[in-house]
Amino acid sequence: MSFTTRPTLTGTVGMVSSTHWLASQAGMRMLELGGNAADGAVAAGLVLQVVEPHLNGPGGDLPLIVASADDPTPRVLCGQGPAPAGATPEHFASVGLDRVPGSGPLATAVPGAFEAWMVLLRDRGTMTARTVAEPALHYARHGHPVLERVSRTIETVQDLFEQDWPTSADLWLVDGRAPRPGSLLANPAWADTLERLLAEEDAADGGRERGVDAVRRAWSHGFVAEAVDAFARRAFRHSGGQVLPGVLSGQDLADFEATWEDAVTLDVAGHTIAKTGPWGQGPTLLQVLQMVDGLGQTDLDSVEGVHTLVEAWKLAMADREAWFGDSAEVPLGDLLDPGYAAQRAALVGATASREVRPGSPGGREPRLAALALATGGADVGDDATVGEPTVQRDGLTRGDTCHVDVVDRWGMLVSATPSGGWLQSSPTIPELGLCLGSRLQMMWLEQGLPSSLVPGRRPRTTLSPTLVLRDGIPVLACGTPGGDQQDQWQSVFLLRHLVGGLDLQEAIDAPVFHTTSFPGSFHPRATEPGVLVAESRLGEGTLSALRSRGHEVVEQGPWSLGRLCAVARDPRTGVLSAGANPRGMQGYAVGR
């Protein structure tokens with residue numbers, strides 16, 4: 001048995017794995033009280049909004065996938081809000097912008113996270129909103145020991161808060177400075193908001209589902225929507241320095257509902273992998289697994305296996321840039337066709353590619369945004385302009401993300417990746433104690449692209465939960481924060497676990513790597529030609545061999561990339577298992 005940083009947990013009652021130990025324990029509390037995986041996921045998700053405010057919030061986004069032994073067809077719940085009605089290319093042009101800013105009110109999509117958690121609770125859960133919200137309400141009212149990363153994030157944006165976002169300074173600064181790591185940090189305004197929302201459930205007649213819907217109405221048609229509408233009219237500083245109001249309105253919240261849809265699936269290595277639709281980056285994982293499986297290069301302990309996976313990701317991410325989004329037809333059937341996968345796999349050469357090479361699914365001609373080309377997003381040469389990486393070298397984006405997986409004793413699995421609404425993404429709405437998101441930065445103002453800014457259409461999100469089935473039965477839920485790298489890191493985990501035979505914790509602990517040689521999703525949307533970022537534990541021999549193949553290897557610390565969570569269920573025995581990432585020193589799995 002190989003060394004792991006912690007054991008793979010096993011049990012029969014329930015398992016929760018998330019990016020914060022308090023969220024994991026809150027989810028497990030619901031399972032202990034007799035709730036199911038949906039109840040546990042909502043409780044964990046609401047706690048994440050409080051204890052990881054630099055990574056997600058009620059005003060952010062949420063895609064999730066759920067399936068159960070009784071209802072094994074994986075279903076996606078889309079809590080990715082669309083562009084507001086007023087977010088038109090003409091409006092951005094009228095205020096002198098040629099792209100959506102990376103932060104500030106104009107970067108805001110319609111909030112979807114809180115709405116999606118409530119829809120999951122109503123449709124798949126068994127508990128009331130008050131029961132699952134109790135842990136989050138406690139931490140918001142009485143405080144939680146603040147993470148060092150939260151303190152560091154607030155410290156980084158302290159000048160912005162003091163000079164330009166005073167409502168954020170009022171909430172997040174304590175005695176004029178960032179809160180000390182380990183000190184108790186509360187959010188009384190959000191606690192008050194939660195209490196008002198839950199009071200609507202208490203007053204509702206007609207059963208549990210109607211009570212949850214009453215909470216949703218108070219959010220999207222009531223006092224929350226009214227406060228958002230009024231606040232969006234105020235002008236604040238954006239990432240580019242412009243001081244402008246936003247365009248989000250209360251009507252935008254009223255018009256949005258989180259929706260259920262079919263998952264996109266593909267059979268690989270004896271398993272069925274389920275992902276969101278191409279309004280997210282999820283199907284790229286299916287493309288990559290299909291390519292490396294067809295090439296027979298799935299051994300990530302070999303130089304050839306690492307090289308092949310990295311090169312396959314360059315091809316899939318080029319396709320993402322050309323073909324994925326919600327604003328134009330996506331030829332998904334052609335993109336996942338085995339013949340197309342073989343064509344793309346044939347482009348994997350012996351040396352590292354420095355080009356962005358989208359394919360031609362079904363004979364269609366690819367098109368990239370002009371600004372993607374200007375930031376090194378196509379045939380990259382010596383004259384290309386390459387900006388700073390959109391993902392920091394420690395694997396954390398400027399706002400990053402959370403993740404939670406839950407499995408219950410009855411065989412329901414939930415994989416959820418909440419994000420957005422970061423404390424640093426948009427000024428705090430003081431009456432509500434929440435911030436809006438900045439997902440709109442993933443849309444191009446140039447029209448005619450799948451990811452063009454079109455009111456009512458969803459930005460192409462990086463958020464990418466995963467559910468895995470074997471013989472038609474759900475057996476595994478996994479995911480990770482990490483922006484553009486989410487599916488790259490998941491591909492490493494899945495190949496090591498499903499193909500290599502490592503257990504959950506072994507596969508999570510194994511060395512991780514990724515490439516940034518494609519147009520990034522976050523402002524300024526730059527490409528880093530040929531770059532391969534790797535944990536040093538991959539080994540000097542492997543890293544040296546990769547350099548000899550032309551990879552621009554950026555070596556990181558031994559435990560620096562990825563924040564995988566995973567839970568599983570063996571349908572033959574009913575034994576449940578879970579693992580969590582040690583990197584960042586805050587993710588934990590719990591269960592029994």
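Calculation criteria
- Residues numbered from 1 in each chain as written.
- Predicted model: local features only at pLDDT ≥ 70, side-chain atom pairs only at ≥ 80, totals over all residues.
- Heavy atoms only, no water.
- Helix = DSSP H or I, 4+ residues; strand = E, 2+ residues; numbered from the N terminus.
- Rg over C-alpha atoms; globule rule 2.2 N^0.38 Å.
- Buried < 20%, exposed > 50% of the residue type's maximum accessible area, 1.4 Å probe, protein only.
- Contact = heavy atoms within 4.5 Å.
- Lys, Arg positive; Asp, Glu negative; His and termini not counted.
- Charge placed at Lys NZ, Arg CZ, Asp CG, Glu CD.
- 1 Å grid on protein atoms, 1.4 Å probe; cavity = no way out; pocket = protein on both sides within 12 Å on 5 of 7 lines; lining within 4 Å.
- Points joined across faces, edges and corners; volume = space filled by probe spheres on them.
- Nonpolar A, V, L, I, M, F, W, Y, C, P; charged D, E, K, R; others polar.
- Phe/Tyr/Trp six-rings, centres within 6.5 Å; stacked < 30°, edge-to-face > 60°.
- Lys NZ or Arg CZ within 6 Å of the ring centre and 35° of its normal.
- Pairing = 2+ DSSP bridges.
- Salt bridge = Lys/Arg side-chain N within 4 Å of Asp/Glu carboxyl O.
- Axes fitted to C-alpha atoms, helices over the stretch in contact; angles between N-to-C directions.
- Parallel < 35°, antiparallel > 145°, perpendicular 65-115°, else oblique.
- Left-handed = near helix turned anticlockwise from the far one by under 90°.
- Core = buried A, V, L, I, M, F, W, Y, C linked by side-chain atoms within 4.5 Å.
- Right-handed = clockwise from strand over helix to strand, strands pointing away.

1. A word on the overall build of the chain
Scanning the chain from N- to C-terminus turns up 20 helices and 23 strands. For 592 residues, the compact-globule estimate of 2.2 N^0.38 gives 25 Å, and the chain sits close to it at 22 Å. Out of the 592 residues in the chain, the part that is buried amounts to 66%. Sequence-distant contacts, at least 24 apart, represent 73% of the contacts inside the chain between residues at least 6 apart. Looking at charge distribution, the chain has the averaged site of its 46 positive side-chain charges lying 2 Å from that of its 69 negative ones.

2. Focus on the layout of surface pockets
Volume-wise, the second largest pocket comes out at about 280 Å³. Lining the second largest pocket are 17 residues, and of these R470, H497, A568, R569 and D570 sit closest to its centre. Sorting the residues of the lining of the second largest pocket by element identifies β16 (466-470), β17 (473-479), α18 (486-499), β21 (565-569) and β22 (576-580) as the ones contributing at least two each. Of the residues that constitute the lining of the second largest pocket, the class distribution is 8 nonpolar, 4 polar and 5 charged.

3. Quick notes on the packing of aromatic side chains
Per the stated rule, a full pass over the model turns up 4 aromatic pairs. A ring pair is formed by F114 and W190, whose centres lie 6.0 Å apart and whose planes are at 90°; its orientation type is edge-to-face. Taken together, the positions of F114 in helix α4 (residues 113-124) and W190 in helix α9 (residues 188-203) put the pair 76 residues apart, joining distant regions of the chain. Accessibility classification places F114 together with W190 in one group, the buried group. Centroid distance F114 to W219: 4.8 Å. Interplanar angle 25°. Geometry classified as stacked. Highlighted residues: F114 in helix α4 and W219 in helix α10 (residues 208-220), separated in sequence by 105 residues. W219 carries the same exposure label as F114, and that label is buried. Among the aromatic residues, those joined into a ring-pair cluster are F114, W190 and W219. Lying over the aromatic face of F223, R196 brings its terminal NZ or CZ to 3.7 Å of the ring centre.

4. Re the pairing of β21
Counting buried positions along β21 gives 5 out of 5 residues, so the element sits mostly inside the fold. Pairing geometry for β17 and β21, over 4 bridges, is antiparallel. The residue of β21 that forms the bridge with C478 is A566. One ladder, built from 5 bridges, connects β21 with β22; its direction is antiparallel. Looking at β22, one finds that A568 is bridged to S577. What sits between the antiparallel neighbours β21 and β22 is a turn of 6 residues, in which G574 has the positive phi angle 80°.

5. A word on the pattern of salt bridges
It is possible for side chains of opposite charge to pair when their charged atoms get near one another. Tallied over the entire structure, the rule returns 33 salt bridges. In this structure, R458 engages E261 in a salt bridge whose closest nitrogen and oxygen atoms are separated by 3.4 Å. Taken together, the residues R458 in the loop between β15 (434-435) and β16 and E261 in strand β9 (residues 259-262) connect sequence positions 197 residues apart. For R458, a relative accessible area of 17% corresponds to the buried category. Through salt bridges with shared partners, a single ionic network connects E115, R122, D123, D213 and R216.

6. Remarks on the packing of helix α1 (residues 21-32) against helix α5 (residues 129-142)
Running from N to C, α1 and α5 cross one another at 150°; their axes reach a closest spacing of 9 Å. Here α1 lies roughly antiparallel to α5, going by the angle between them. Along this stretch, α1 crosses α5, giving a crossing that reads as right-handed. Seen from α1, the contacting residues are L22, A26, R29 and M30; seen from α5, they are T131, V132, E134, P135 and Y139. Split by residue class, the contact of α1 with α5 holds 6 nonpolar, 1 polar and 2 charged.

7. Structural notes on the nonpolar core
In terms of nonpolar packing, the biggest core is built from 88 residues, with F114, W117, M118, L120, W190 and L197 touching the most fellow members. Here the element with the most residues in this core is helix α2 (residues 37-51); it accounts for 11 residues. Excluding residues that lie within four positions of it along the chain, W117 makes contacts with A41, V42, G45, L46, Q49, L62, L64, V404, A416 and P418. Within the second largest apolar cluster, 51 residues are counted, among which are A312, C478, L532 and L564.

8. Remarks on the pairing of strand β19 (residues 531-535)
Along β19, 5 of the 5 residues are buried, which leaves the element largely enclosed by surrounding structure. Alternating residues of β19 divide into V531, V533 and E535 and L532 and A534, and every residue in both groups is buried. Pairing of strand β18 (residues 513-515) with β19 involves 3 bridges; the strand directions are antiparallel. What sits directly across from F513, in β19, is A534. One ladder, built from 5 bridges, connects β19 with strand β20 (residues 552-556); its direction is parallel. From the neighbouring strand, V531 faces β20, where its bridge partner is E552. In this fold, the crossover linking β19 to β20 by way of helix α20 (residues 540-548) has right-handed handedness.

9. Here's the deal with unusual backbone geometry
In this structure, the amide linkage connecting H523 to the following residue, P524, adopts the cis form with an omega of 10°. With respect to the helices and strands, the residue P524 is situated in the loop between β18 and β19. In the Ramachandran plot, A269 falls in the positive-phi region, its phi being about 55° despite a non-glycine side chain. Positionally, A269 belongs in the loop between β10 (264-268) and β11 (271-275). The exposure class of A269 is partly exposed, given its relative accessible area of 35%. One non-glycine residue with positive phi stands out, namely M585, at about 55°. Within the element layout of this structure, M585 appears in the loop between β22 and β23 (588-591).

10. A closer look at the sheet that holds β9
What the 7 strands build is an open sheet, ordered β9-β4-β3-β13-β12-β2-β23; its pairing is antiparallel. Where the open sheet ends on each side, the last strands, each with one partner, are β9 and β23. Geometrically, the sheet is characterised by an average inter-axis angle of 15° between neighbouring strands, direction not taken into account. Alignment of strand β12 (residues 404-408) against strand β13 (residues 413-416), held across 4 bridges, turns out to be antiparallel. Bridge assignment links V406 to a residue of β13, and that residue is V414. Docked against the sheet, α1 engages β2 (14-18), β12 and β23, running at close to 160° with respect to β2.

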